[in-house]
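Next come the chains, spelled out residue by residue.
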Amino acid sequence: MSSNTFPKLAFIGLGVMGREMAGHLIAAGYPVRVFDISSDAVKSLAEKGGIASSSVAEAVADAEITISMLPNTPQVEDVVYRDGVLKHMPRGGIFIDMSTISPEATRSMADHLSEKSISMLDGPVSGGPIGAKNAALSIMVGGERSAFDRAETVLKVMGTTITYVGAPGAGQTVKLCNQLVCAVNIQAVCEALALGRASGVDLEQMRDVLLGGSASSWMLEKLGPAMIAGDASAGFRIDLMLKDLRLVLEMAGQKDVPLPATSLVTSQYVEARAHGEGSNGNQALFKVYDRMTGQDVPVAMAGHP
Ligand code: NAD
């Protein structure tokens, strides 16, 4: 990076995650040009010291590092190919996409950017909105090692565990494997709670027992209480997990890897979203089990032929 200890940054995508991450970079003293298709999001970051931009092209024109935190693959491709990262970012710069998107599309963008002497890192995150707010994200990074070494200081402003995992796309691959484990684990917790409930055991006590043994998991610990209480509030949303599971299955198709458990839980996420739970937290997957076990039927209807 430049001799200045604070390289010029651009941050594209100021939603639930991006606004917190960009906020930390601004608070740390970096000059950060900010852009989002929502002008309110840009205004809010400008009030915290960000430099408001009216387009991607304007935001990235003098950026040594550009960071994106966008919903999915098409939005990142738009920002790179159509809106200006490829055309307007200075040569020698680094583009870090921290969204969760397709590893294959990531490799393709890295190749195109490399032709313009721009390095691309894929740095998806784990830790959710609370991790973003507390600058405690886990960041898994793929791309050229030399670009990672140059960007690590900036990544450390947003996260506590920064891990270089290999070639372009490797960060996204690791992130998607992370999501697979999370979703199948949530499903396992739902099944145990559904069976325990139908058998009449005390679910709070059962959860305590399981947490003390080899069935313990992050999902059981963090999401179990909300499942038992029927609290569906987000957290990490059902529709975001469904997006990630579709990326997992796309990758599995390309690599000829059968993922039967992931396929099944993906169908259950589709069912949950069809019942209006897309904006609810992932623990709302338990509502699928409510329906499968008749727990959602109004009392007056129960037993009706
Ligand atoms: P979000 O929808 O809250 O934010 C995305 C932002 O991008 C929005 O402000 C939107 O206006 C903006 N945007 C969309 N298209 C744009 C474009 N073409 N140009 C500029 N701005 C554009 O999403 P989020 O929850 O912040 O998630 C962002 C990414 O991080 C996703 O890939 C998600 O899977 C991943 N992620 C989210 C969480 C979470 O808990 N929310 C956790 C880990 C990873």
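About the criteria used
- Residues numbered from 1 in each chain as written.
- Predicted model: local features only at pLDDT ≥ 70, side-chain atom pairs only at ≥ 80, totals over all residues.
- Heavy atoms only, no water.
- Helix = DSSP H or I, 4+ residues; strand = E, 2+ residues; numbered from the N terminus.
- Rg over C-alpha atoms; globule rule 2.2 N^0.38 Å.
- Buried < 20%, exposed > 50% of the residue type's maximum accessible area, 1.4 Å probe, protein only.
- Areas by Shrake-Rupley, 256 points an atom, 1.4 Å probe, with all protein chains shown as cover.
- Lys, Arg positive; Asp, Glu negative; His and termini not counted.
- Charge placed at Lys NZ, Arg CZ, Asp CG, Glu CD.
- Core = buried A, V, L, I, M, F, W, Y, C linked by side-chain atoms within 4.5 Å.
- Near = heavy atom within 4 Å.
- Polar contact = N/O pair within 3.5 Å; in protein donor to acceptor, adjacent residues only side chain to side chain.
- Nonpolar A, V, L, I, M, F, W, Y, C, P; charged D, E, K, R; others polar.
- Domains from an automatic or database assignment.
- Pairing = 2+ DSSP bridges.
- Right-handed = clockwise from strand over helix to strand, strands pointing away.
- Contact = heavy atoms within 4.5 Å.
- Buried area = accessible area lost by both parts, 1.4 Å probe.
- Salt bridge = Lys/Arg side-chain N within 4 Å of Asp/Glu carboxyl O.

When helices and strands are counted, the protein shows 14 helices and 9 strands. Taken over C-alpha atoms, the radius of gyration comes to 21 Å for the protein, in line with the 19 Å a tight globule of 305 residues would show. Overall, the protein is about 70 × 45 × 40 Å in size when its C-alpha atoms are taken along their principal axes. Split into buried and exposed, the 305 residues of the protein put 47% on the buried side. Taken as a whole, the protein presents about 13900 Å² of accessible surface, with 55% of it coming from carbon and sulfur. Charged side chains in the protein number 25 positive and 32 negative. The centres of these two groups are separated by 4 Å.

So, on to the nonpolar core. One finds Phe-11, Met-21, Leu-25, Met-98 and Met-158 to be the most contacted residues of the largest nonpolar core, which totals 34 residues. When residues of this core are traced back to their parent elements, those giving at least two are β1 (9-12), α1 (18-27), β2 (32-35), α2 (39-46), β4 (65-68), β5 (94-97), β8 (137-142) and α8 (145-156). Among the elements that make up this core, the one with the highest residue count is α8 (5 residues).

Turning our eyes to something else, we now look at the site of the ligand. Around the ligand, 23 residues are found, and the nearest of them are Val-16, Met-17, Asp-36, Pro-71 and Lys-243. The contact in question runs from an oxygen atom of the ligand to an N or O atom on the backbone of Leu-70, over 3.0 Å. Measuring from an oxygen atom of the ligand, one finds a backbone N or O atom of Thr-100 at 3.0 Å. The fraction of the free accessible surface of the ligand (830 Å²) that becomes covered by protein chains is 88%. Taken together, the residues of the shell around the ligand sort by class into 14 nonpolar, 6 polar and 3 charged. For the shell around the ligand, the two domains that each supply at least three residues are domain 1 (9-168) and domain 2 (174-295).

Counting buried positions over the 6 residues of β8 gives 5, a clear majority of the element. Here 2 bridges tie strand β7 (residues 125-126) to β8, and the two strands are oriented antiparallel to one another. For Val-125, the partnering residue across the bridge sits in β8 and is Ile-139. Taken together, the 6 bridges between β8 and strand β9 (residues 159-166) define a ladder with parallel strand orientation. Each bridged residue has a counterpart across the sheet, and for Gly-142 the counterpart in β9 is Gly-166. Handedness of the β8-α8-β9 crossover: right-handed.

Moving on to the domain arrangement of the protein. By the assigned domains, the protein splits into domain 1 (9-168) and domain 2 (174-295). For domain 1 and domain 2, the distance between their C-alpha centres works out to 29 Å. Facing 14 residues of domain 1, the contacting portion of domain 2 comprises 11 residues. Summing both partners gives a buried area of about 970 Å² for domain 1 against domain 2, and 63% of it is carried by carbon and sulfur. Area buried by domain 1 at its contact with domain 2 is led by Thr-100, Pro-103 and Met-140, which between them contribute 37% of it.

Let us look at the pattern of salt bridges. Per the counting criterion, the structure on display carries 13 salt bridges. Linking Arg-82 and Asp-83 is a salt bridge whose minimum nitrogen-to-oxygen distance equals 2.7 Å. The partly exposed category is assigned to Asp-83, whose relative accessible area is 25%. Note that Asp-239 is salt-bridged to Arg-237, the shortest N-O span being 3.3 Å. What you see here is one network of salt bridges that share partners, running through Lys-8, Arg-33 and Asp-62.

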